[in-house]
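Summary of the model geometry
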Amino acid sequence: MQLTKLGPEHQRCLKDYLDFFERHRASLLPEVERVSAAAAAILDVQGAAGGEPAAHDTFPPSRSQRTLAEISTRCGQFVDGGGKLEVWLTASLAVRKSVLAVLRDEGTIQIGEEQSILLGLGITLDVATAAVAQRIAEGESADAPFRIAFEAAPTGMVIVDRQGLIVVVNCQIEQLFGYGRQELIGQPIELLVPVRFREAHRRHRGAFAESPTSRMMGVGRDLYGLRKDGSEFPVEIGLNPSSSATGLSILAVIADISERKRTQEALVAKMSELQRSNEELEQFAYVASHDMQEPLRMVVSYATLLSERYQGKLDEKADKFIRYAVEGATRMQHLVADLLTYSRVGSQGRPLKPVNAQAVLEKTIEGMRKTIDDSAAKVTYDQLPMVNADSVQLAQLFQNLISNALKFHREEPPRIHIAAKPAEDKWRFSVQDNGIGIESEHHDRIFQMFQRLHERGKYDGSGIGLTIAKKIIERHRGRIWFESQLGQGTTFFFTLPTAAREGK
Amino acid sequence: MITDPFHLLLVEDNPADVDLAKEALDQSRIKLDISVANDGLDAMDYLRGRGRHVGACRPDLILLDLNLPRRNGRELLADIKQDPDLKRIPVVVLSSSEAEKDILQSYDLGANCYISKSVDLRVFQKIVHSIEGFWFTIVKLPPRIEG
């Protein structure tokens, strides 16, 4: 172990260096401690060797007791450790035209000559660097755990000074961009930005420095990072300014969102595919049911005409055949008409607007007056709110539910009551009847298309009324369900969005 | 009493529909002379007495289907209502469409009324009877142009 005697200048530098690390020891990497210990030891030795009495009072007294052997051990430890900090500082200082340390034989400290400033094991003392490092320490936290978190964070983190030069990066940045940190420190941040965005990035950076606030970068724009190998990848960047005595620095948190983007794109593609196939299906149902009506009308009309003109004029069998034809065609006509109504809910709906539900209900009841009176039913309702709805479909919904309640009545006259209650940001409507009720085993089937729970003839209808009701509600982003007690009655519930406030 | 039969022009491409309308009209007590045109161009030929319709009688009423080949019902309706010679002839649109768009457009083009064909034969028959009852017994039609 050889040590060249330090001049006063060297000693001052070394002391500055030590001061700095003493102050920030806790927040810097563990390696720093070893380095600083080594440097302190050097200074101690120098002091002991007759140099100027270095500011011993700023160091723990124990330091001054260190022996040469101890220094040797510590230096060796540091060399073995080959810590990242060494590489980083060495590189960054090289950029700053500082002097490199010369590390010769293991465990030997060689002091640089002439303008060389002392380097302890590859650490240059450079006031500028110290200031930068100080900013790092101040900008983040004075805590070692934070420092570790910075390094171990799963997202890339880079700190940039006011000039846009990279001050520090973490492991993830190295992995994301394919650069070693020594290649990044001191470089403009634009190194990591695709060439076509660099100019704009510089401008935005300038603007950000003018009014620095924590925010996401380029919200609404697609951002890309540029790897060392020239490839690009989509990123999301959070910006966090921090200003200290040494000026503004910006911590940028960079996440690689390639995977998320891929998933998102796949999802969007699937969604649009689904939507298209859904629309196609709806269109198909609409066109099919619409175009089937015409020929069907012919079949029904002529079958009816046949039965009108030739009933009893052929033989008994012919009468029966004609009757079957008329019945079958008529039933099909109803099915097709229902299917058409159903497919119209999706394809022919009007935009949702604020609608007075009570006015719609009153109109619906008025339209159903004859049916209601024929079944001696009593339909009552509470005051109903404004909702955001397609009024035609809302009327259809009321009509379907009321018809349902009228149809499935018991001996006594049907009584139907409609009410609404606020439920979070929606209204929950109820249509209550005193009818035959629905057996719980049918709960799942009741909203399915063409499902009838009773034999033909007892209750007519194609079994699509509730399916249409459900589709209407789904178009309004609501929910429909029911509660029922056999022989007591059924209550259908559905939710509708409250009417948007004016001006919205 | 007018002994001359009323002239009715049925513009309809589907022969089954033509027969259905004729069946309904045949049961009428009103004396009717029914002519048929199969599409918009054929109807225009009829109204102008051209082509296969040379010497055709000017109709007192037109029953018009909207969906026709070649020149469709809307175009024909527009042609009739923009023609100073023909525009007085009442046109009853008889369509299977219940679309608001079709209804509004027909009236905009000058239709005298719009009627949806019922899918039910009996209702359809009733409608046809109402049409002739209204237009040939209640309505004062424009006086016939002689010659």
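The shown structure was predicted, so the numbers you read here are calculated from the model rather than taken from an experiment. (Residues numbered from 1 in each chain as written. Chains lettered and ligands numbered in written order. Predicted model: local features only at pLDDT ≥ 70, side-chain atom pairs only at ≥ 80, totals over all residues. Heavy atoms only, no water.)

1. Considering the overall build of chain A
Test applied: Starting at the N terminus, helices and strands are each numbered in turn, a helix being any DSSP run of H or I of at least four residues and a strand any DSSP run of E of at least two. For each residue, the accessible area found with a 1.4 Å probe, counting protein chains only, is set against the maximum for its type, and the residue is called buried under 20%, exposed over 50%, and partly exposed in between. Contacts between residues were defined by any pair of non-hydrogen atoms, one from each residue, lying within 4.5 Å. For every accessible area listed, the method is Shrake-Rupley and the probe measures 1.4 Å; residues are considered covered only by the protein chains on display.
The helix and strand inventory of chain A stands at 16 helices and 17 strands. The buried share among the 504 residues of chain A stands at 43%. For chain A, contacts bridging at least 24 residues in sequence account for 63% of all contacts bridging at least 6. Here chain A displays about 27,000 Å² of accessible surface, and carbon together with sulfur accounts for 53% of that area.

2. Describing the pattern of salt bridges
For clarity, the cut-off: Salt bridges, as used here, are contacts in which a Lys or Arg side-chain nitrogen is within 4 Å of a carboxyl oxygen on Asp or Glu.
Scanning all chains against the criterion turns up 30 salt bridges over all chains. As a salt-bridge pair, Arg-70 of chain B and Asp-39 of chain B come within 3.1 Å of each other at their nearest N and O atoms. Here Arg-70 of chain B is found in the loop between β3 (61-64) and α3 (73-82), whereas its partner Asp-39 of chain B is found in the loop between β2 (32-37) and α2 (40-48), with 31 residues between them in sequence. You can call Arg-70 of chain B exposed: its relative accessible area is 61%. Members of the salt-bridge network, linked through shared partners, are Glu-294 and Arg-297 of chain A together with Glu-12, Asp-17, Asp-65 and Lys-117 of chain B.

3. Structural notes on the sheet that holds strand β12 (residues 378-381) of chain A
All names here are of chain A. To keep it simple, the criterion reads: Between any two strands, pairing holds if DSSP finds at least two bridges. Interaxial angle, 0 to 180 degrees, is taken between N-to-C directions of lines fitted to C-alpha atoms, where a helix line uses only the stretch in contact.
With mixed pairing, the 5 strands of this open sheet are ordered in space as β12-β14-β15-β17-β16. If you trace the sheet from one side to the other, it starts and ends with β12 and β16 (480-485), each paired once. With direction set aside, neighbouring strand axes in the sheet form an average angle of 20 degrees. Of the strands in this sheet, β12, β14 (415-423) and β15 (426-433) touch helix α13 (residues 357-367), which is tilted by about 170 degrees from β12.

4. Points about the packing of aromatic side chains
The description of two aromatic rings rests on the distance between their centres and on the angle between their planes. Heads up, the condition is: Any two of the Phe, Tyr and Trp rings considered here, Trp counted by its six-membered ring, make a pair once their centres fall within 6.5 Å; the pair's planes then place it as stacked at under 30 degrees, edge-to-face at over 60, or tilted in between. For a Lys NZ or an Arg CZ to count as sitting over a ring, it must be within 6 Å of the ring centre and within 35 degrees of the ring normal.
Counting across every chain of the model gives 11 aromatic pairs over all chains. Judged by centre distance (5.4 Å) and plane angle (20 degrees), the ring pair of Trp-481 of chain A and Phe-493 of chain A falls under stacked. Taken together, the residues Trp-481 of chain A in strand β16 and Phe-493 of chain A in strand β17 (residues 489-497) connect sequence positions 12 residues apart. Ring geometry for Phe-6 of chain B and Phe-136 of chain B: centres 4.4 Å apart, planes at 20 degrees, overall stacked. With Phe-6 of chain B in strand β1 (residues 6-11) and Phe-136 of chain B in helix α5 (residues 121-138), this pair connects stretches of sequence that are 130 residues apart. By relative accessible area, Phe-136 of chain B is classed as buried at 7%. Through a chain of ring-to-ring contacts, the aromatic side chains of Phe-398, Phe-429 and Phe-494 of chain A assemble into a single cluster. Above the face of the Tyr-224 of chain A ring, Arg-196 of chain A is positioned so that its terminal group lies 6.0 Å from the ring centre. Directly above the aromatic system of Trp-481 of chain A lies the positively charged group of Arg-479 of chain A, at a separation of 4.1 Å from the ring centroid.

5. A few points about unusual backbone geometry
Residue and element names in this part refer to chain A. Unlike most non-glycine residues, Glu-424 shows phi in positive territory, near 55 degrees. Checked against the element boundaries, Glu-424 lands in the loop between β14 and β15. Its identity as a non-glycine residue notwithstanding, Arg-477 has a phi of 55 degrees, on the positive side. Tracing the backbone through its elements, the reader meets Arg-477 in the loop between α16 (465-475) and β16.

6. Let's talk about the interface of chain A and chain B
Selection rule: Buried area counts how much accessible surface, traced with a 1.4 Å probe, disappears from two parts once they are put together, with both parts' losses summed. Each polar contact in these results corresponds to two N or O atoms within 3.5 Å; when the atoms are within protein, one needs to be able to donate a hydrogen and the other to accept it, and residues that are neighboring in sequence are counted only if both atoms are side-chain atoms.
Listed by partner, the interface residues are 12 residues for chain A and 15 residues for chain B. Interface area for chain A against chain B, summed over the two sides, is near 1,200 Å², with a carbon-plus-sulfur share of 48%. Seen at the junction of chain A and chain B, the total is 4 salt bridges. For Arg-122 of chain B, the salt bridge goes to Glu-308 of chain A, with nearest N and O atoms at 3.3 Å. The interface formed by chain A and chain B includes 6 residue pairs in polar contact (both at pLDDT 80 or more). With 10 residues, the top contributor of residues to the side of chain A that touches chain B is helix α11 (residues 258-310) of chain A.

7. Structural notes on a nonpolar patch on the surface
Residues and elements named next belong to chain A. The following threshold applies: To count toward a patch, a residue needs a relative accessible area above 30% and no salt bridge. Like charges then connect within 9 Å, nonpolar side chains (Val, Leu, Ile, Met, Phe, Trp, Tyr) within 5 Å.
Together, Leu-306, Tyr-310 and Leu-314 make up an exposed nonpolar region whose accessible area comes to about 280 Å². Relative to the helices and strands, Leu-314 is located in the loop between α11 and α12 (316-347). When its relative accessible area of 49% is taken as the criterion, Leu-314 is described as partly exposed.

8. Focus: the nonpolar core
Under the convention used in this document: Throughout this description, the term nonpolar core refers to a set of buried Ala, Val, Leu, Ile, Met, Phe, Trp, Tyr and Cys residues connected via side-chain atoms within 4.5 Å.
Counting residues in hydrophobic clusters, the biggest one holds 40 residues, and the most contacted among them are Leu-394, Phe-398, Ile-402, Ile-418, Phe-429 and Phe-494 of chain A. At 7 residues, the largest contribution of residues to this core is made by helix α15 (residues 391-407) of chain A. Setting aside residues up to four positions removed in sequence, Ile-402 of chain A forms contacts with Leu-361, Ile-365, Met-368, Ile-416 and Ile-418 of chain A. Membership of the second largest hydrophobic core comes to 24 residues, among which are Leu-305 of chain A together with Phe-124, Ile-131 and Phe-136 of chain B.

9. Remarks on the packing of α15 of chain A against α16 of chain A
Packed helices, taken two at a time, are described by their axes: the angle between them and the distance between them. Residues and elements named next belong to chain A. Operational definition: Crossing handedness is read from the near helix: turned anticlockwise from the far helix by less than a right angle, it gives a left-handed crossing, and turned clockwise, a right-handed one. When residues are sorted by character, Ala, Val, Leu, Ile, Met, Phe, Trp, Tyr, Cys and Pro go into the nonpolar class, Asp, Glu, Lys and Arg into the charged class, and all the rest, Gly among them, into the polar class.
Where α15 meets α16, the closest approach of the two axes is 9 Å, and the angle between their N-to-C directions is 145 degrees. Crossing angle aside, the handedness with which α15 passes α16 is left-handed. In this structure, α15 contributes Gln-393, Gln-396, Leu-397, Asn-400, Leu-401 and Asn-404 to the contact, and α16 contributes Gly-465, Leu-466, Ile-468, Ala-469, Ile-472, Ile-473 and Arg-475. The residue inventory of the contact of α15 with α16, partitioned by class, reads 7 nonpolar, 5 polar and 1 charged.

10. Here's the deal with the sheet that holds strand β4 (residues 91-95) of chain B
In any sheet, the strands associate via hydrogen bonds between backbone groups, in a parallel or an antiparallel arrangement. Residues and elements named next belong to chain B. Within the open sheet, the 5 strands sit side by side as β2-β1-β3-β4-β5. Their pairing is parallel. The open sheet has two edge strands, β2 and β5 (113-116), and neither has a second partner. For this sheet, the mean inter-axis angle between neighbouring strands, taken without regard to orientation, is 20 degrees. In this structure, β1 lies alongside β3, joined through 4 bridges in parallel fashion. Following the sheet pairing, Leu-8 is matched in β3 by Leu-61. In this fold helix α4 (residues 100-108) packs onto β4 and β5, with an angle of close to 155 degrees to the strand it touches most, β5.

11. Remarks on the pairing of β4 of chain B
Residue and element names in this part refer to chain B. Cut-off, in case you're wondering: If you view a crossover with the strands going away from you and the path from the first strand over the helix to the second runs clockwise, you call it right-handed.
With 5 of its 5 residues buried, β4 lies for the most part within the structure. The side-chain alternation of β4 yields two buried faces, one formed by Val-91, Val-93 and Ser-95 and the other by Val-92 and Leu-94. Pairing of β3 with β4 involves 3 bridges; the strand directions are parallel. Note on β4: the bridge partner recorded for Leu-64 is Val-93. Regarding the hand of the β-α-β motif, the stretch spanning β3, α3 and β4 is right-handed. Here 4 bridges tie β4 to β5, and the two strands are oriented parallel to one another. Within the sheet, the bridge partner assigned to Ser-95 lies in β5 and is Ser-116. Handedness of the β-α-β unit built from β4, α4 and β5 comes out right-handed.

12. Remarks on the packing of α2 of chain B against α3 of chain B
Residue and element names in this part refer to chain B. Note the cut-off: If an angle is under 35 degrees, it is roughly parallel; if it is over 145, roughly antiparallel; if it lies from 65 to 115, roughly perpendicular; otherwise it is oblique.
Close contact between α2 and α3 brings their axes to 9 Å; oriented N to C, the two are set at 25 degrees. Accordingly, the angle class assigned to the pair α2 and α3 is roughly parallel. The element α2 and its partner α3 pack so that their crossing is right-handed. Residues Gly-40, Ala-43, Met-44 and Leu-47 of α2 pack against Leu-76, Asp-79 and Ile-80 of α3. Of the residues belonging to the contact of α2 with α3, the class tally is 5 nonpolar, 1 polar and 1 charged.

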